[in-house]
Amino acid sequence: MSRVQSQFVCQQCGAVHPKWTGRCEACGAWNTLVEEAVQASLPKGLGAGKGKKLELVGLGQANERLIRRTTGVAEFDRVCGGGLVPGSALLIGGDPGIGKSTLLLQIVAALARFGHECLYVSGEESLDQVRLRAQRLGVIGAPVDLAAATSVRDIAAALDHTGGPKIVVMDSVQTAYLDNIDAAPGTISQVRAAAQELIRLAKRRSFTLFLVGHVTKEGMIAGPRVLEHMVDTVLYFEGDRGHQFRILRAVKNRYGPTDEIGVFSMTGHGLAEVSNPSALFLAERQAPISGTAVFAGMEGTRPVLVEIEALVAPSLLGTPRRAVVGWDSNRLAMLLAVLEARCGVAIGTRDVYLNVAGGLRITEPAADLAAAAALLSALSHEPVADKTVIFGEIGLSGEVRPVGQSEARLREAAKLGFLNAYAPPRHGGETIMRVAEVRHVRQLVERFMERAEGQGAVLPVRRRAR
Ligand code: TYD
Ligand code: MG
């Protein structure tokens, strides 16, 4: 008598175990094993039969067919590397409710208006719900085909013929399933197989495929990291529910750069493009107050000014608290150690909070100097000089290192009415505004000490350590 064999697959890393255990031995994740039926095994080796002769093309001709379709939504096109490539697959990840479905509906509507055939497959919402959303977005007139389906077999049947749609959205890939796989939709085997099937079809029929992926609590696209390897482009749609800004970020792109961001704001009628994000991120900034500094950053090719806020308070705990939003907590730890050890600033026993305003996440080391200024300003209760932007990377010895694209940063700051800058040496931007060169973070500490003393306050610095 034959028995259906089952195996246990880790939903995090895809490792297969013969028995259930509480913890995956391969990746160490807890409670991620799910029972799935064993699939008929593949034949070993190639067996009999000859392969087809490969069609060879020269490197120069390889991308002849690479015509990009622009969507007309500039913030989106830039993140994609200048438009959508036929036959490519894009994965869009993000928290539930962040606006993935809204963004994609707006994108396909824009493409449909340019005359491209688009199909939007909704696996989560009913057709009426999608129509209602389209009405709200004002795109109800766009010639987009809609379908509510989750079976990949049915979806493939609608796509696998000549003259099919050129843009296809699967919202979301976690709802898609193959009926010949004995696992629930959303499990790693189903998601992987469904995505593979759709991607293969996209390559064969030369349409652009969008897969919407949910993100887990840990911030990864649910289940499969493997999905990220299968697609050509991975975009994350991020933002803070409390803010209306939404940021589209490319984390992998076979057809473009990965350091670009697109900024949108969620309005009552869907997502609106924000072409001047600096003005938006600084909109809530009032007169200079202590504990804030404006960082002149770069996101890809575009300069973006953001405010960094810090709060330093005496700690009531044995181990002081450190909390960071929008920046790297390791970077903050390093910065605090440099201030303490190289400049004698007594900050080690205090609680430190750092926040990047507006829900933006900064990954550039160039933000070090601005973060240091915000911390010193918070500690001394002295605001940073008025109309001043700051950038520069800080090394472990406290020296300030030059960073790229200084002129672009300064030009953007000048455009927004800033008059002064603290910048690393060799910035080359004197013609743009008044720039104070900072070679060592100690110079910044001294500035704040002077300012504090002028007001009869003190910056807690141990002079001997200096
Ligand atoms: P949605 O696109 O459904 O998110 P996801 O697909 O990522 O889960 O976005 C839903 C949220 O966006 C919801 O909380 C309401 C808000 N929203 C607006 O504020 N304005 C709008 O015009 C639309 C369509 C949605
Ligand atoms: Mg959705």
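Up top is the structure.
Remember, predicted model here, so these are calculated numbers, not experimental data. By convention here, each chain's residues receive numbers from 1 onward along its written sequence. Throughout, the order in which chains and ligands are written sets their labels, letters from A for the former and numbers from 1 for the latter. Predicted model: local features are reported for residues with pLDDT of at least 70 only, side-chain atom pairs are reported and counted for 80 or more only, and whole-chain, interface and lining totals are derived from all residues. Based on all heavy atoms of the structure, the side-chain values leave hydrogens and waters out of the count.

### Some remarks on the pairing of strand β9 (residues 233–239)
- For each residue, the accessible area found with a 1.4 Å probe, counting protein chains only, is set against the maximum for its type, and the residue is called buried under 20%, exposed over 50%, and partly exposed in between. Strands are runs of DSSP state E lasting at least two residues, helices are runs of H or I lasting at least four, and both sets are numbered from the N terminus onward. Across the seven residues of β9, five count as buried, placing the element largely inside the fold.
- A pair of strands is treated as paired once DSSP finds two or more bridges between them. Note: strand β4 (residues 89–94) against β9, five bridges, orientation parallel. Bridging from a neighbouring strand, Gly-93 pairs with Tyr-236 of β9.
- Hairpin remark: β9 followed by strand β10 (residues 245–253), antiparallel, with five residues in the connecting loop.

### Side note on the packing of helix α9 (residues 368–380) against helix α11 (residues 441–454)
- Only the stretch in contact is used when fitting a helix axis, every axis being a line fitted to C-alpha atoms; angles between N-to-C directions are given from 0 to 180 degrees. Between α9 and α11, the shortest axis-to-axis distance is 10 Å and the interhelical angle comes to 25 degrees. When the axes of α9 and α11 are compared, the pair comes out roughly parallel. When you trace α9 past α11, the crossing you get is right-handed. From α9, Leu-369, Ala-372, Ala-373, Leu-376, Ser-377 and Ser-380 reach across to α11, where they touch Val-441, Leu-444, Val-445, Phe-448 and Ala-452.
- For this classification, Asp, Glu, Lys and Arg are treated as charged, while Ala, Val, Leu, Ile, Met, Phe, Trp, Tyr, Cys and Pro are nonpolar and the rest, including Gly, are polar. Classifying every residue of the contact of α9 with α11 by side-chain character gives nine nonpolar, two polar and no charged. Just so you know how the angles are binned, under 35 degrees is roughly parallel, over 145 roughly antiparallel, 65 to 115 roughly perpendicular, and the rest oblique. Two helices crossing with the near one rotated counterclockwise from the far one by less than a right angle form a left-handed crossing, whereas a clockwise rotation gives a right-handed crossing. We call two residues in contact whenever any of their non-hydrogen atoms come within 4.5 Å of each other.

### A few points about the site of ligand 1
- One heavy atom within 4 Å of a molecule or strand makes the whole residue count as near it. Inspection of the region around ligand 1 gives 16 residues, with Gly-97, Ser-101, Thr-102, Thr-267 and Gly-270 positioned closest.
- Whenever a nitrogen or oxygen atom comes within 3.5 Å of another N or O atom, the pair is scored as a polar contact, on the condition that within protein one atom can donate a hydrogen and the other can accept it, and that pairs from neighbouring residues in sequence are kept only if both atoms are in side chains. Within the backbone of Gly-270, a nitrogen or oxygen atom sits 2.7 Å from an oxygen atom of ligand 1.
- The accessible surface values rely on the Shrake-Rupley method and a 1.4 Å probe; as for residues, cover is taken only from the protein chains in view. In isolation ligand 1 offers 550 Å² of accessible surface; the protein chains occlude 75% of this area.
- Elements with a minimum of two residues in the shell around ligand 1: α2 (100–113), α3 (127–137) and β11 (261–267).
- When its residues are assigned to classes, the shell around ligand 1 shows four nonpolar, eight polar and four charged.

### A word on the side chain of Asp-232
- With respect to the helices and strands, the residue Asp-232 is situated in the loop between α6 (226–230) and β9.
- The class for Asp-232 is buried, based on a relative accessible area of 2%.
- Of the polar contacts made by the side chain of Asp-232, one reaches the backbone nitrogen of Ala-89; its length is 2.9 Å.
- Separated by 3.1 Å, the side chains of Asp-232 and Lys-203 make a polar contact.
- Contact partners of Asp-232, with chain neighbours within four places excluded, come to Gly-87, Ser-88, Ala-89, Lys-203, Lys-252, Asn-253, Arg-254 and Tyr-255.

### Quick word on the pairing of strand β7 (residues 167–171)
- The buried count for β7 comes to five of five residues, which makes it a mostly enclosed element.
- Because side chains alternate across β7, one face comprises the buried residues Ile-167, Val-169 and Asp-171, and the other comprises Val-168 and Met-170, equally buried.
- Where strand β5 (residues 118–122) lies against β7, five bridges are found, and the strand directions are parallel. Paired with Leu-119 across the two strands is Val-168, which belongs to β7.
- In terms of strand pairing, β7 meets strand β8 (residues 208–214) through four bridges, oriented parallel. Residue pairing in the sheet places Val-168 in a bridge with Leu-209 of β8.
- Handedness is read with the strands pointing away from the viewer; a crossover is right-handed when the path from the first strand over the helix to the second is clockwise. Regarding topology, helix α5 (residues 188–205) serves as the crossover connection from β7 to the parallel β8, and that connection is right-handed.

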